[in-house]
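Here are the chains, one letter per residue:
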Amino acid sequence: MSWGYWMSRGLIEIGNLNVELAPSPIEPSWIIEGKPEASACKLSQSADGTATTIVWHCTEGKFNWYYDFDETILILEGSIVLENASMRPTRYGPGDVIFFKDGAHAKWHVEGRVRKLAFCRTTQPLLLSFALRAINKFKRILLPSGKQQSASLVGSA
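First things first, this report covers the structure right here in the doc. (Residues numbered from 1 in each chain as written. Predicted model: local features only at pLDDT ≥ 70, side-chain atom pairs only at ≥ 80, totals over all residues. Heavy atoms only, no water.)

For the protein chain, the count of helices and strands is 1 helix and 11 strands. Secondary structure elements in the protein chain, listed N-terminal to C-terminal, are β-β-β-β-β-β-β-β-β-β-α-β. Across the 157 residues that make up the protein chain, the buried fraction comes to 30%. Contacts in the protein chain between residues at least 24 apart in sequence constitute 65% of all its contacts with a sequence separation of at least 6. Accessible surface for the protein chain amounts to roughly 9900 Å². Of this, 57% is attributable to carbon and sulfur atoms. (Helix = DSSP H or I, 4+ residues; strand = E, 2+ residues; numbered from the N terminus. Buried < 20%, exposed > 50% of the residue type's maximum accessible area, 1.4 Å probe, protein only. Contact = heavy atoms within 4.5 Å. Areas by Shrake-Rupley, 256 points an atom, 1.4 Å probe, with all protein chains shown as cover.)

The following block contains the structure:
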């Protein structure tokens, strides 16, 4: 993996978007038109594994996307047209931020190419979420800070 740079300052880690992307194929049954080719690189992951940050790139094409987690994206380059049953086709480009809830479906039309930064979070049932928060709080209280597992930039260790 090629990193522009990375740095750790205790609880804060710093990375760069100039990373090597690996093939991340779109589910073939989701493709509507063209031959979109996707690639991605995971930049970071939370200690509990429920949140990740990803850089994603895709070439031109039309496809469905079904979300099984919450995803917030920031379009870095290129443009897309999104639509679904309750939303007419809408164009988005650099600087636009879009939030997809767990369970959402969208039809993507990548115009030329697109590069996005994605913040993904797996949703937990409410009771499990409270239990995980309680366990993590006890860990922070009982374990000295040097022994706690922290969130990290993937591949930076």
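That was the structure; now back to the text.
For the structure shown, the criterion picks out 4 salt bridges. For Lys 116, the salt bridge identified is with Glu 71, shortest N-O distance 2.8 Å. Taken as a pair, Lys 116 in strand E10 (residues 105–121) and Glu 71 in strand E7 (residues 70–84) lie far apart in primary sequence, 45 residues in all. With a relative accessible area of 4%, Glu 71 lands in the buried category. One salt bridge connects Arg 113 with Glu 77, and the closest N-O pair in it is separated by 2.8 Å. Pair noted here: Arg 113 is in strand E10 and Glu 77 is in strand E7, with a separation of 36 residues, a long-range link. (Salt bridge = Lys/Arg side-chain N within 4 Å of Asp/Glu carboxyl O.)

The subject of this paragraph is the nonpolar core. Membership of the largest hydrophobic core comes to 21 residues, with the highest contact counts inside it found for Trp 56, Cys 58, Phe 63, Ile 80, Leu 82, Phe 100 and Trp 108. Of all the secondary-structure elements, those providing two or more residues to this core are strand E5 (38–45), strand E6 (51–66), E7, strand E9 (97–100) and E10. Broken down by element, this core gets its largest block of residues, 6 residues, from E10. Beyond its immediate sequence surroundings of up to four residues, Leu 82 is in contact with Met 87, Arg 88, Pro 89, Thr 90, Tyr 92, Ile 98, Phe 100, Ala 106, Lys 107 and Trp 108. Membership of the second largest hydrophobic core comes to 5 residues, among which are Cys 41, Leu 43, Val 55 and Leu 117. (Core = buried A, V, L, I, M, F, W, Y, C linked by side-chain atoms within 4.5 Å.)

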